[in-house]
Structure formats: C-alpha cells, structure tokens
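Summary of structural features
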Amino acid sequence: MQPVRGALAKAVAFLVVVGMLLLGGALPASAASAATSTGSATSSPDPTASPDPTSSPAPTSPATAPGTATSASRTGAGLLPADGLAWYGPDLDWGPDAPDGYAGRLGADPSMYGVELDYPFDRPAREQYDRAIRAAAARGAVLVVTLTPTQPLGSLSRDDARAANRLFEEAHAQYDTQVLVRFAPQMNGTWVRWGQQPTAYVSAFRAFAGVVHRGDSDAAMVWSPSYGAGYPFGESAGRLEDLSAVDVAKADTNGDGRLDAADDPYGPYWPGASSVDWVGLSMFFFGKGKSTEAAGRDVPLTTNEAPSAGEVEARFDETWGYQERQSEGTFTERFAQGEDRPMLLDTGALYDHSLDGDSQLEVKRSWWRQVFAAVQDRPEVRGVTFLETNRREPEADNRVADWRNTAVPGIAGSFRADLQATDRFEGGPVTDRVTPQDGAAAISQQYETGGDQMAWIVWCAFGLAAAFLLSGLVGRLLPSWRYPDDGKPGRDLRLDLFRGFIILAVVITHIEIGGPYSYITLHATGAITGAEMFVFLSGMVLGMTYPFAIKKFGEWVAAVGAWKRARKQYLVTLAVILVVFALSFVPFLNTDAITTFTDRGTGTGGVGAEGRVYDLYPNAMQLLSYPPPWYAIRQFLLLEMGPWPFNIMGLFVVLSLFIPLCMWVIKRGFWWALLVVSWGLYVLQALVPELRPLNSQFESVFPLLTWQVVFTHGLVLGYYRRQVIGALTGRLGKVLIGIGVTGYALFLVYVWAGDHFGFTPTPFPASMYDDLYNTAYQRVDLQWGRLVDIAFFAIVSYAILTVFWKPINAVIGWLWIPIGQASLYVFVWQVFFALAIASIPGVNWFNGWIGFAAHTALILLVWYMIRKRFMFSVIPR
C-alpha cells in the first residue's frame, strides 16, 4: 500500500501546484474564441474522422409502444407524445441525482425529466439549466423546467424573460430537444411566495409566455396550479383585506365577500389560452387519511397510511377533499378538454421513515397504481412527472419525507413492472440522443468531402518522396552529416527528435489560436496527425527500452515496473480530470473551453450539429454528493469524463497494461502471433464499429481495438529495430523501399491528375480521387490509406533524419530532443496551457502575430520546465 499512498500524495501535490499556477496567472475571463480551424484530439486540427456511431443502446423502455423522435409530432404545443400515449419521468433533485442514476435505478429510460430553477436566472441557475438540458438530451428526453420566482412577481421584467428564452433557444438549436416551462406553479397555494396573487401572476405569466412564443426556442408554456381541495389552504377570515380591489374581484368568485372553500381555486389564475400551451396539475399524496384534512398543514402526520381506494379518480372528478362541491366543473373538463390543451400531471406519494404504519411499498404502489388507472381513460393527460427526492415537509412536521420511487430496488422494480403493465406511457428516447460519447466523437472533426485535404496528402507525399530520393544522393556526397550510429544499443535521438515534433504539433493544435505554427500542423503533415505518430513512436520507444529493463532486473521485475508506470499514468489522468473539474468553480477561468466541445459542423453529426455543445463531464457534479453515486464514480474511474485535449491519455493507460504480456510474446520469437492477434482485433472493430470494451471517452476518437494495431507494430519494430534497419538498408531493402515510397507518391499524383485534368485514371474509376479521402484516410477508423501513410511518413522521416542529422540537430535538436524525451510530461501540461490561454480575455487570438508569439512563448516555457525537471517526480514522461 505504501507505493499507492506515495503516488496519491504526489497526485494531490500536482493538483495543488497546478491550481496555484492557474489561479496566480489567469485573468478574469469571458469565453475566448477557439481556433483558426477545426480541431481534433491529440492530433493536428486536420479533421479526418469518419462518422462513428458511439451511442450505446438505451435501456428497454417500459412502454409497450416505445417512443422515438419520429413517433412524436410537433404542434402549437411543441413536440407531443405519439397518439394515445403520455410521457413520464421524475422531478429530480439534481444535486445528488441525475438522469443516468435514475434510469439505472429504474432499469428503463423515461421520456421526460424535471428540474427546478430559480428565476430570474443567476449564474448557478444558468449552469444548472445547461447541465440539465445536456443530461436530458443525452437520454433523448423532454426537459420540464420549473421556474420559481425569487423576487416579487411585479418586479419580473421582460429582460429577465428574454435572458431565459435565450437559453431555451440556444439549447433548442444545439440539441433539438423539447422544453416544457412550468412557470411559477402552484400559484393558487399559500406555501409559495408568489401564491394567491391572481393579478400579478397572470400578468407575469403572460409577459413571460409572450417572449417565449415570439422566440425560436419551441418551448411550451405550462400553467400548473395545485389540486384545489382545501383552497384557500388556510384561515379564510380577513384574507381579502390583503388583496387589491382587482384581486378581490378575481379571487372572490362567488361574490360573498370572503375567500373560502366556496371560491374557484383555479379560474382567477388562468392566464388565457393564448399564453398557455400545456395545462398542469400538482396532485400529491401527503398521507393524511381523511379527505377533508389532506391539504391542512396543521394536521399532524402520525402514521404512514396507504391512500384510500379511488382517491386519485375522485381528485380528477374534483370530489375528493372539498368542503363545498365545485360548480364550475373539473379541472380537466375546463382547461384540458375545454381549452384543447395537453395536460401534465405532477404527482407523488410521501413516506415518513420515522413513523409506523403501512410499508413504503404499500403506500407508494397504491398511489402510482391509482394514477396509472386514472390516466388510462383520460387521453388529455399527455405527461406525468413523479417527485423523486427527499425533502423536509411541513405536512410531516418539517421532518425529511421520502418521495422517491426508485431509491429501493424492490420498489423500483415494482414501479417498473407496473409501468410495463400499462400501454399508456411512452418511454425514451423521444428526441435524438446527444450522448457524451457523441461529444467525444465530435472532437475529431472531418471534412464533408476530401478535396482540399486530399490535395495536401498528395503533395506532402510527393514532396517527402522527393526528399527521400534526394537523401540517397546527399548520403553519398556528405556522409559526415549522417547520424553517428555506431551500432551500440542505446537511445535513438532521431526518434526523440521526431517525437518532439509530434508532441509540439499536439500542443499547438490544442491551444487553438492562429498563426504559422497552426497552419503547419494543420496542413504540412499530409494524412498524419500527431495522434497516430504519438502512439506509434511510444510503442517503438518502449519496444527498444523494455529489453534493457529485462536484462538488468529480470522479466518479472520489469513487468512490475511497467505496471507501476501504467498505475502512475492512470493516477495522473484521474488527477488531471479532478483538478480541471475543481477549477471549473473558479469564476474567471473558462474551463468550458476544455470541459465542453462545440461542434464545428464537421464532426460526426455533420452540418446539422454545428454549434451543438457537448458536455464532456457527464455527472461530474454527482461526485460532490455524499456518498457519491456509483454510476458517477464508475464514469470517473473508467475515464468516461475529462477534458477533450487529454482524452488519448486513457488509450495509453490501457495499452501500458499489456506491455509486459506483449513483450513476453515478442521476446520468445512469437512476434508474428502477436501481430496476427492485433490485426484480428483491428478487423473485429471494423466489422463491429460500435464495440467499445470500456466505453471510455477516448474510445469514441481512438477506438481501442483499432488503435492498438499502431502501438503493437511500434513495439515489434522497436524490439527488432536493428534487424529491421539492417534489412531495409541492404541492397534489396533499398530497392523495395524506393519502389514503395515512389510508387505510393506517384499513385496519389496519378489519381489527383485524373481528377484535375479530366481523364479516367485507368485502371481506377473516374471517381477514385473524390472517394479516396472518405474511404481510405479517415482517422478514427485508421483506414488503409492512413496506415500506409503512417508507414510512409515514418520511413521517409527516419531516412531524412539519418542523412541530414547534423544540420537538423544543430538547428532544432536542442529544443525538440528534450521535448520528445518528455512527451507524456508535455502532453499533461498542455491541458492547462490550453485552459490558461482560453481564460485570458480581450485578446484577438486570430491575429497571426499574436498566435506566433503565444505559441513560441509556450514552447519555450515547456522546454524550460523540462530543463528544470519541474514536477518530474509526479508527472510521467
């Protein structure tokens, strides 16, 4: 345990130092624009990813007619359930709970979720709305937003409404989900600060609805009073004295000069059909027993008692709990049927664990079964939300009451079974799912067509082939320039220098600003991005160095050392995820730049997804709960969350675990068997692209079974480097390599010429050039062209570095070699560099000179940190 504690202590130290660094150096910031071009994780921003279906199947819907986005219809009320069906879902406590947790406990996907927010929106409310809408979109669910005014109704302004509606519009444009806005519900009650103010309430509702209806959010306004039994919910004598003359005229509906049970509990608060898209009703069971006492807070709750048979039906008929019968008709007749509006029922049953009586299952099952039976014959009910929280209730003498239906597995199972037994409810998803996996996949952007990008691939290949041929001549004329390889085992500085170039390309890409550096990393490497060569060279270096550890310490000790290194990588990865999450609470840091990703329209979702914002920290807030729920812990430990510039680190963690096994096989001469297995896994991933062994964030951009083939080949080539170089530099090897390099370049030039000069590049089809990029060079899938380009780029670069070593080393070796030798260290720090740059306000990062200066300063800072070995004991290299 001592090594683990030591590693954890170092990780904590890393968190503290990084936090102090950023807090000390950052300035108050607004969101800085990102980049000059589309981006990709751990690669050049050259977008070369193919569409990759990553959404895992939703849990089985309990409805017999499962809902889909196409089964619903859009009307004046926005999106509606399929004919004859109703949506269902929980009103969650979004502090300790989240949709993923609820769906997991229920074992099914609801079609709606409810969130309660303060209005007007302050920063916490806006952040909570963003989290809720993204979480609902990830489940393909409707979001019911309950707005609770925090200031007098008369002080709510149209600017407040416009600010809220802008959030609704942004979410609708990004996710095309549906929002139901339950504005100041239960307004006929005395327990809410906006209660029993008919004039001010109607005015505020109409003003808010007018702004929403004039906007483009497609949000639907829900008018939702509380069930009227017990109205006016308190001592009626003298109540009219507190009301204005206008409110008196509205509230005293029978004109007897009193506000009492004989007055209409709903009509005075009706804003009018033009302002209301849905009607709603709050109908809760407080366990009071007698119908005449159900709404009275002064009646003590002494025992847990299941509801009486027929109670819910009687409530719908407006006969339960009234001291005087209502003459205006039932709520559903007047407002749902009469106004032709869909109806949303908000309901639940209270249980007090401190009291005796009926069991929790008896109380809650009796209630929800009555609800299911009542809505079965009421087609106007198109949605039902169940309160899913623990909270203190005045009805329970301010004790904590349990409203949850899914906290106990047995109760959750019974609830699910009863949902499945009715054909009334439509399960999720009912809108397009926008999952965190979609967000991870979108990080790797792509072009709709490969034209311009394919041209870069062609001419980079041609230029490198020409340089390769020239190197043969230079090698004969200027042998003194060659790399001084005396054949002794040791570190290959050519690989270190190459890795330095690759990791700098990664840093420049993720710090998304303009300038010449960005242009070079975007275009000048053809089909190769930093990611592929980063993985390949890491495998190659490990294949070269691991045998020395075996020779010095033995196989078992070397294996343990490799696993300790993987553990360190994993702990540092978790530490980076946590410190970025912690920094998200610092107001002047723009952590959204790395914890969310905005689709540029060139990702897997295509142009239609442009502007969509993906949350890459799903359920991170649940980690702050006590105790944190297992699903959030699991997502954290399995690296299903994290900053997007860092996601490839998970791939290295997993691959590092298999290094001892792979090297054990290679050492015994069975390298060919390892490669056969590696290619088998590659083919399996190609045939089953949705296969994700871990479902970690990195697997959407760097599928494990695909990308291991590059790493595995690096291990084999590193182990047999001397033999491979000897074979390739022999007479036959030179001839074959020359033919391969020039043949590949000429093939690309040939198909390019056919497209640009209008002839068919026989024996290839006329469309060969247009199709080549999308069928051979997609990055996520590492298609055949990209694999060929990796080999081509590695061979040519290695040959050029060998022949031109001394002049190249003299000019850039001092910088690139130490950076390449500490590439993982640099990769960790680039996350915080990207955050720091994004948090500096008022800078035109699109200015080429500013970008050049910023990139240069950061590169020199990295080099200086390596020179000083800053935190080398904590961060793997």
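Provided above is the structure to which this section pertains.
It should be emphasised that the depicted structure is a prediction, and the values quoted were computed from it without experimental measurement. By convention here, each chain's residues receive numbers from 1 onward along its written sequence. Local features in a predicted model are, by the rule used here, given only for residues with pLDDT of at least 70; side-chain atom pairs are given and counted only at 80 or more, and totals for whole chains, interfaces and linings are based on all residues. Based on all heavy atoms of the structure, the side-chain values leave hydrogens and waters out of the count.

Details of the overall build of the protein
Here a helix means four or more residues in a row that DSSP labels H or I, a strand means two or more in a row labelled E, and each is numbered from the N terminus. Of the regular secondary structure elements, the protein holds 29 helices and 15 strands. Exposure classes here rest on a 1.4 Å probe applied to the protein chains alone. A residue is buried below 20% of its type maximum, exposed above 50%, and partly exposed in between. Residues counted as buried form 57% of the 877 residues belonging to the protein. Approximately 34,600 Å² of the protein is accessible, and the part contributed by carbon and sulfur atoms is 60%. Accessible areas in this description were obtained via Shrake-Rupley with a 1.4 Å probe; residue shielding takes into account the shown protein chains only.

Some details on the environment of Ala558
Relative to the elements of secondary structure, Ala558 occurs in helix α16 (residues 555-583). Between the alpha carbons of Ala558 and Pro547 there is a distance of 8.7 Å; along the sequence they are 11 residues apart.

A few points about the packing of helix α19 (residues 648-657) against helix α22 (residues 704-719)
At a minimum axis distance of 11 Å, the contact between α19 and α22 shows a crossing angle of 70°. Relative to α22, α19 is oriented roughly perpendicular. Where α19 crosses over α22, the handedness of that crossing is right-handed. Contacts between α19 and α22 involve Leu651, Val654 and Leu655 from the former and Leu704, Trp707, Gln708 and Phe711 from the latter. Lines are fitted to the C-alpha atoms to define the axes, a helix being fitted only along its stretch in contact, and any angle between axes, read from their N-to-C directions, falls within 0 to 180 degrees. These descriptions rest on fixed angle ranges, namely under 35 degrees for roughly parallel, over 145 for roughly antiparallel, 65 to 115 for roughly perpendicular, and the rest for oblique. Note: crossing handedness is left-handed where the near helix turns anticlockwise from the far helix by less than a right angle, and right-handed where it turns clockwise. Any two residues whose heavy atoms approach within 4.5 Å at even a single point are treated as in contact.

Topic: the nonpolar core
Remark: nonpolar core denotes a set of buried residues (Ala, Val, Leu, Ile, Met, Phe, Trp, Tyr, Cys) joined through side-chain atoms within 4.5 Å. Within the largest apolar cluster, 207 residues are counted, with the highest numbers of intra-cluster contacts made by Tyr129, Leu143, Phe183, Tyr201, Phe208, Trp223 and Ile819. Ranked by residues supplied to this core, first place goes to helix α28 (residues 823-838) with 12 residues. When neighbours within four sequence positions are excluded, Tyr201 is seen to be in contact with Leu153, Phe183, Ala184, Met187, Trp223, Tyr269 and Pro271. Residues Ala753, Tyr769, Ala776 and Phe792 belong to the second largest nonpolar core, which totals 29 residues.

Brief notes about a positive patch on the surface
What makes a patch is a set of residues exposed beyond 30% relative accessible area and free of salt bridges, joined within 9 Å when like-charged and within 5 Å when nonpolar (Val, Leu, Ile, Met, Phe, Trp, Tyr). A pair is scored as a salt bridge if a Lys or Arg side-chain nitrogen falls within 4 Å of a carboxyl oxygen belonging to Asp or Glu. By the counting scheme adopted, Arg and Lys are positive, Glu and Asp are negative, and His together with the chain ends is not counted. To locate a charge, take NZ of a lysine, CZ of an arginine, CG of an aspartate or CD of a glutamate. A surface patch of positive charge is lined by Arg476, Arg482, Arg731 and Lys734. Within the secondary structure, Arg482 is located in the loop between α12 (451-477) and α13 (493-510).

Topic: the pairing of strand β11 (residues 390-393)
Following DSSP output, two strands are said to pair if at least two bridges run between them. Here four bridges tie β11 to strand β12 (residues 399-402), and the two strands are oriented antiparallel to one another. Within the sheet, the bridge partner assigned to Glu393 lies in β12 and is Arg399. Linking two consecutive strands that pair antiparallel, namely β11 and β12, is a turn of five residues; a positive phi of about 60° is found at Asp397 within it.

Thoughts on unusual backbone geometry
Residues other than glycine predominantly adopt negative phi, and peptide bonds predominantly adopt the trans conformation. For the bond running from Tyr231 to Pro232, omega is 10°, close enough to zero to count as cis. As for its position among the elements, Pro232 is in the loop between β7 (220-223) and α6 (245-251). Geometrically, the link from Thr762 to Pro763 is a cis peptide bond, its omega value of 10° lying close to zero. Along the chain, Pro763 falls in the loop between α24 (731-757) and α25 (768-776).

Considering the environment of Ala776
Here Ala776 lies in helix α25. A C-alpha to C-alpha distance of 9.5 Å links Ala776 and Val788, two positions 12 residues apart in sequence.

With respect to helix α15 (residues 530-553)
Given a helix with a known number of residues, its expected span is that number minus one, times 1.5 Å. Taking 1.5 Å as the rise per residue, α15 with 24 residues should run 34 Å; its terminal C-alpha atoms sit 33 Å apart, in good agreement. Axes are fitted to the seven residues ending at a residue and to the seven starting at it; the angle between these axes is taken as the bend at that residue. If you look at α15, its biggest bend is around 25°, right at Met544, and the proline Pro547 turns up within four residues after that. Counting buried positions over the 24 residues of α15 gives 17, a clear majority of the element. Phi turns positive one or two residues past the end of α15, at Gly554, with a value near 100°.

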